[in-house]
Amino acid sequence: MSTDPQKDWQHWHERRTASVAAPHGPLSLSGTYWLADYPEGRIPAVPGEWREEGDEVVLSAGAEDAVTVDGVPLIGTVRLTADHGPIPESRVESAGRRLVVLRREGLWAVRDFDPESAARRAYRGIEATPYDAGWSLPGVFRPYEEAQSLRVENADGRERGLGLSGELVFAIGGAEHSLRVAVEDDGSLWAVFADATSGTSSYRFRFLRPAAPAEDGSVTVDFNRALLPPCAFADHFICPFPPPGNTLPVPVPAGERRVLTD
């Protein structure tokens, strides 16, 4: 990283613009199929037969399905668990598509990442506000005594639990504000937030991922790196909406704003 925050942001933005357009990036998600909706095991848009059995998914396929698992053609059955690594490293593939096993709150799904998706073909970049040092703010993380879980609506219309570990406190224009945040495995923070620009000059909500706080709780709150959520790129993601208290009453004209398409 250089000593020039503006150049660092520009490099970050360029990498981000390119990464979402990767063959199996978020733009390639063409479907999320919950197995409970297909009790017979056949998903019309996905090859093979998919059935849930307790803590596993059983995939059956024949030669006509052209399915591979770990690079080996599957003729017969295999037991699968949820994929947790990068999409290109998921176990199941068919004709260049990655078929990713997902589990949320005990429910199983298959995601279809197709490099030929309409969203990926139409993508032209991410509209983002140029770097503004005034939106890189000092803040402090205040952890809860005990982690919380709230039910919040997701982009697919269903409610799911959202784990929250504390509050991120900062000032905008001299007024104190806070966001409820989760703590990731590496200690970094994650917030789902909206502001007075949401749904007008920016997407309806965004993500913020500050680095891990220092020992005294201090942390930089850099809205220049506010991110569009995955569901801004493809309708089949199940992003959580902002929890109560995470809609800022002021505009935040910084960071990523919306997807540019044909």
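Please read all numbers here as calculations on a predicted model, not as lab measurements.

**A look at the overall build of the protein chain**
Here's step 1: Secondary structure assignment for the protein chain yields two helices and 17 strands.
Here's step 2: For 262 residues, the compact-globule estimate of 2.2 N^0.38 gives 18 Å, and the protein chain sits close to it at 20 Å.
Here's step 3: For the protein chain, the spread of C-alpha atoms along the three principal axes comes to 65 × 40 × 35 Å.
Here's step 4: Relative to all contacts within the protein chain whose residues are 6 or more apart in sequence, the contacts with residues 24 or more apart total 60%.
Here's step 5: Accessible area for the protein chain stands at about 12900 Å²; split by element, carbon and sulfur atoms hold 51% of it.
Here's step 6: The centroid of the 26 positive side-chain charges in the protein chain is displaced by 4 Å from the centroid of its 39 negative side-chain charges.

**As for the pattern of salt bridges**
Here's step 1: Counted under the stated rule, the structure contains 16 salt bridges.
Here's step 2: Close ionic contact of R16 with E256 constitutes a salt bridge, the shortest N to O distance being 2.8 Å. Of this pair, R16 sits in helix 1 (residues 5–19) while E256 sits in strand 17 (residues 256–261), and the two are 240 residues apart along the sequence.
Here's step 3: For R16, a relative accessible area of 17% puts it in the buried group.
Here's step 4: Judged by its relative accessible area of 0%, E256 falls in the buried class.

**Notes on the sheet that holds strand 8 (residues 97–104)**
Here's step 1: Taken together, six strands build an open sheet; the order of strands is 1-9-8-7-4-5 and the sheet is antiparallel. The strands lining the two open edges of the sheet, one partner per strand, are strand 1 (29–34) and strand 5 (72–73).
Here's step 2: Bridge count for strand 4 (residues 67–69) against strand 7 (residues 92–94) is three bridges, and the pairing is antiparallel. The partner of V67 across the bridge, within strand 7, is S94.

**Looking at the environment of R158**
Here's step 1: With respect to the helices, strands and loops of the structure, R158 is situated in the loop between strand 11 (136–153) and strand 12 (159–172).
Here's step 2: Separated by 82 residues in the primary sequence, R158 and P240 have C-alpha atoms spaced 9.3 Å apart.
Here's step 3: Contact partners of R158, with chain neighbours within four places excluded, come to W34, D37, L107, V152 and E153.

**Here's the deal with the sheet that holds strand 14 (residues 189–193)**
Here's step 1: In space, the six strands of this open sheet follow the order 15-14-13-12-11-16, with antiparallel pairing throughout. Sheet topology places strand 15 (206–208) and strand 16 (218–222) at the edges, where each strand pairs with a single neighbour. Within this sheet the neighbouring strands show an average axis-to-axis angle of 45 degrees, counted without direction.
Here's step 2: One ladder, built from five bridges, connects strand 11 with strand 16; its direction is antiparallel. Looking at strand 16, one finds that P138 is bridged to T220.

**Comments concerning the environment of Y33**
Here's step 1: Structurally, Y33 can be placed in strand 1.
Here's step 2: Between the C-alpha atom of Y33 and that of V46, which follows or precedes it by 13 residues, the distance is 9.0 Å.
Here's step 3: Discounting residues that sit within four places of it in the chain, Y33 has contacts with Y38, I43, A45, V46, W108, A109, V110 and D112.

**Points about the packing of aromatic side chains**
Here's step 1: Taken as a whole and assessed by the stated rule, the structure comprises 10 aromatic pairs.
Here's step 2: An angle of 45 degrees between the planes, with centres 6.3 Å apart, marks the rings of W9 and W12 as tilted. Of this pair, W9 and W12 are both found in helix 1, three residues apart, which corresponds to roughly one turn of the helix. For the pair formed by W9 and W12, the shared burial category is buried.
Here's step 3: Plain terms: the ring middles of W135 and F223 are 6.0 Å apart, the flat faces sit at 90 degrees to each other, and that makes the pair edge-to-face. With a gap of 88 residues between them, W135 in the loop between strand 10 (123–128) and strand 11 and F223 in the loop between strand 16 and strand 17 connect regions that are remote in the sequence.

The rules we used
Residues numbered from 1 in each chain as written. Predicted model: local features only at pLDDT ≥ 70, side-chain atom pairs only at ≥ 80, totals over all residues. Heavy atoms only, no water. Helix = DSSP H or I, 4+ residues; strand = E, 2+ residues; numbered from the N terminus. Rg over C-alpha atoms; globule rule 2.2 N^0.38 Å. Contact = heavy atoms within 4.5 Å. Areas by Shrake-Rupley, 256 points an atom, 1.4 Å probe, with all protein chains shown as cover. Lys, Arg positive; Asp, Glu negative; His and termini not counted. Charge placed at Lys NZ, Arg CZ, Asp CG, Glu CD. Salt bridge = Lys/Arg side-chain N within 4 Å of Asp/Glu carboxyl O. Buried < 20%, exposed > 50% of the residue type's maximum accessible area, 1.4 Å probe, protein only. Pairing = 2+ DSSP bridges. Axes fitted to C-alpha atoms, helices over the stretch in contact; angles between N-to-C directions. Phe/Tyr/Trp six-rings, centres within 6.5 Å; stacked < 30°, edge-to-face > 60°.

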